[in-house]
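Observations on the model geometry
As a plain string of letters, each chain reads:
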Amino acid sequence: MEWIIALLVGLAAGAAAAYLLARKKTAANNAVAEAEAKRIVDEASAEAENLRRRAATEAKEIQLQAREQLEKEARERKAELEKREEHMLHREEKLDQKADGLTEQENALKAREQEHLTREKTVEEQAKKHQALLDKAQAELTRVAGLTKDEAKQEVVAQIAEQARSEAARTVKQIEDEAREEGEQKAKRLIALAIQRYAGEYVVERTVSTVTLSSDEMKGRIIGREGRNIRAIEAATGCDLVIDDTPEAVVVSCFDPVRREIAKLALEKLLEDGRIHPSRIEEIVESSNAQIEKEIKDAGQKAAFDLGLHGIAPELLKLVGRLKYRYSYAQNVWSHSMETAFIAGMIAAELDLNVKIARRAGLLHDIGKAVDHEVEGSHAVIGARIAKKNGERQEVVDAIAGHHDDVEAQTIYAHIVAAADALSGARPGARREMLESYVQRLEQLERIASDFKGVDKAYAIQAGREVRVLVQQDRVDDAGAVLLAKDIAKKIEDDLVYPGQIKVCVIRETRAVEIAR
């Protein structure tokens, strides 16, 4: 029991001691905690002060930036306002200038209006004066001539009409002179009219050749698989092949007559041979080209030999040979050149001139037609340029250039060649026209010219290419002759259909005859 009590007492003493020890520790911990709390409070106060100072600094910076931004915007708005103000001032100045200009124009218009009014008054006064003079003239005419007023009026009207007609004729002549100076434009118009009238017929008849086939099955062989044969032929010859529904025929189309002849010959050889494929086509075209070139050379040499001409450049002879495949109004140009050369030689012989030069010029006068589809210009000018380049003498060059009046003739040989050319081309049957229509056209030309007042006689010459009109000199004056020529030409254009152009030449002759006794 005692030991239990002792144990209890010991436990109580230990508990008390532990309690005392715990209180001591709690007091120490409280002191430490207070110190720690004080430290934390001090640090929080310091940090709060720092944050406050930092916030104040940032607020000042933001305020400064805002102030700078406001100042910048204020400056920009001020500059924009100044710019707008300057623009408004500039527009105001322009408006003031326009107002001044309008005022000046208004003043000028008023001045012109006043001037027009003054002129109208002047014209009215002059009209009154003229009427008074006319009345006086009529009265004087009636008194002197013993005519009535109506008769005098008719006489005056006739005089005024004649004067107006003369002035109109002079005006027409002046206009034609101006048009002659601007001849290029007028020439283009004439060429355009000629093309409109004859281009379709010429293209159909003179730029195509027809190759006859043994059967329509040959068309498929000419075309070939996927068209390779016809493409090879067109590429090798430079011509177009037209294969249509025309039975047993293929059309070769090309402006170059020599190429067209080569293509035609090559196609005929291919049809005769039967082997039609690209390699064979090239071979046949080459051989046909060589054959045509030889024929051209032979034709040129034959022409020179038949005419007895020597020393002609090979290039010129080649062009002469090319004319064998060229046609003009259904007349072969090579044959036409030979005829022209012979006729020119005969004319030169009759005039006791150099026959060789005349024949040479006649043979070469149309060589420009061999290349006129490749070179711009008239065939006469082209031919003269080529002849001069190949060393022909000046008389020959001048005759080639002037045989159609494209260039003013400088030598008599040009007139001889022009006459020979007209004789060969105008020979009935040489070209397209029949003899009956040819004679009928000449009669119509003479009849149209003879129907005009004041015409004494009219002659159609140069195969209808020119009309010579002889007028009565007492009924038609010089100015009236100009007007008459224009009226006749207009009547011919309206009533006749003809190839090329027709020259109207009105001749007025004044003769003074006196007999010495």
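The model shown is predicted, which means the values in this text are computed figures rather than measured ones. (Residues numbered from 1 in each chain as written. Predicted model: local features only at pLDDT ≥ 70, side-chain atom pairs only at ≥ 80, totals over all residues. Heavy atoms only, no water.)

**With respect to the overall build of the protein chain**
Assigned secondary structure in the protein chain consists of 15 helices and 8 strands. Here the protein chain, with 517 residues, has 29% of them falling under the buried criterion. Long-range pairs, those at least 24 residues apart, make up 60% of the contacts in the protein chain between residues at least 6 apart in sequence. Roughly 35,200 Å² of accessible area belongs to the protein chain as shown, and the carbon and sulfur atoms make up 54% of that amount. (Helix = DSSP H or I, 4+ residues; strand = E, 2+ residues; numbered from the N terminus. Buried < 20%, exposed > 50% of the residue type's maximum accessible area, 1.4 Å probe, protein only. Contact = heavy atoms within 4.5 Å. Areas by Shrake-Rupley, 256 points an atom, 1.4 Å probe, with all protein chains shown as cover.)

**A look at the packing of helix H10 (residues 355-364) against helix H12 (residues 394-402)**
As a packed pair, H10 and H12 sit with axes 9 Å apart at the nearest point and diverge in direction by 40 degrees. Put simply, H10 runs oblique to H12. The way H10 lies across H12 gives a crossing that is right-handed. Residues Ile357, Arg360, Ala361 and Leu364 of H10 touch H12, and the partners they reach there are Glu395, Val396, Ala399 and Ile400. Of the residues in the contact of H10 with H12, the class split is 6 nonpolar, no polar and 2 charged. (Axes fitted to C-alpha atoms, helices over the stretch in contact; angles between N-to-C directions. Parallel < 35°, antiparallel > 145°, perpendicular 65-115°, else oblique. Left-handed = near helix turned anticlockwise from the far one by under 90°. Nonpolar A, V, L, I, M, F, W, Y, C, P; charged D, E, K, R; others polar.)

**A closer look at the pattern of salt bridges**
Per the counting criterion, the structure on display carries 18 salt bridges. With a shortest N-O distance of 2.9 Å, arginine 84 and glutamate 80 are connected by a salt bridge. Placement of the pair is arginine 84 and glutamate 80 together in helix H1 (residues 2-145), with a separation of 4 residues, close to one helical turn. Owing to a relative accessible area of 40%, glutamate 80 belongs among the partly exposed residues under this scheme. A salt bridge links arginine 280 to glutamate 283; the shortest N-O distance between them is 3.1 Å. Residue arginine 280 and its partner glutamate 283 are both found in helix H7 (residues 278-307); the two are separated by 3 residues, about one turn of the helix. In this structure glutamate 283 comes out as partly exposed when scored by relative accessible area, which is 47%. If you follow the salt bridges from partner to partner, you end up with Glu36, Arg39 and Glu43 in one network. (Salt bridge = Lys/Arg side-chain N within 4 Å of Asp/Glu carboxyl O.)

**Focus on the packing of helix H5 (residues 228-237) against H7**
Where H5 meets H7, the axes come as close as 9 Å, and the angle between the chain directions of the two elements is 25 degrees. Considered as vectors, H5 and H7 are oriented roughly parallel to each other. The chirality of how H5 crosses H7 is right-handed. Touching Arg228, Asn229, Ala232, Ile233, Ala236 and Thr237 of H5 are Pro278, Ile281 and Val285, all from H7. A class-by-class count of the residues in the contact of H5 with H7 yields 6 nonpolar, 2 polar and 1 charged.

**Focus on the confidence of the model for the protein chain**
Put simply, the protein chain has an average pLDDT of 80, and 83% of its residues get 70 or more. When mean pLDDT is taken per element in the protein chain, H10 scores highest with 90 and helix H3 (residues 183-206) scores lowest with 55. (pLDDT = per-residue confidence, 0-100.)

**Digging into the side chain of aspartate 366**
With respect to the helices, strands and loops of the structure, aspartate 366 is situated in the loop between H10 and helix H11 (379-389). For aspartate 366, a relative accessible area of 1% corresponds to the buried category. Of note is the side chain of aspartate 366, whose polar atom sits 3.5 Å from the side chain of histidine 336. For aspartate 366, the side chain forms a polar contact with the side chain of histidine 365, separated by 3.1 Å. What aspartate 366 contacts, discounting residues up to four positions off in sequence, is Leu323, Val333, His336, Ser337, His379 and His403. (Polar contact = N/O pair within 3.5 Å; in protein donor to acceptor, adjacent residues only side chain to side chain.)

**Let's talk about unusual backbone geometry**
At glutamate 226, a position not held by glycine, the phi torsion is positive, near 55 degrees. Along the chain, glutamate 226 falls in the loop between helix H4 (217-223) and H5. Of note in the backbone geometry, aspartate 352 takes a positive phi value of approximately 60 degrees without being a glycine. Locating aspartate 352 in the fold gives a position in the loop between helix H9 (333-350) and H10.

**Concerning helix H6 (residues 257-273)**
Over its 17 residues, H6 extends 24 Å from the first C-alpha to the last, a length consistent with the 24 Å expected when each residue adds 1.5 Å. Among all positions in H6, only Pro257, Val258, Arg260, Ile262, Ala263, Leu265, Ala266, Leu267, Leu270 and Leu271 are buried. At the exit of H6 stands glycine 274, carrying a positive phi of roughly 90 degrees. (Expected span 1.5 Å × (residues − 1).)

**A short note on the side chain of histidine 365**
With respect to the helices and strands, histidine 365 occurs in the loop between H10 and H11. Once residues within four sequence positions are removed from consideration, histidine 365 is found in contact with His336, Ser337, Thr340, His379, Ile400, His403, Val417 and Asp421.

**Concerning helix H8 (residues 314-322)**
Listed in full, the buried residues belonging to H8 are Leu316, Leu317, Leu319, Val320, Gly321 and Arg322. Where H8 is buried, its residues touch H6, H7, H9, H10 and H11.

**Focus on the state of the cysteines**
Evaluation of the coordinates by the stated rule reveals 0 disulfides. Here cysteine 254 is not disulfide-linked; the sulfur of cysteine 239 is the nearest cysteine sulfur, at 3.8 Å. Cysteine 254 sits in the buried class, given a relative accessible area of 12%. (Disulfide = S-S within 2.5 Å.)

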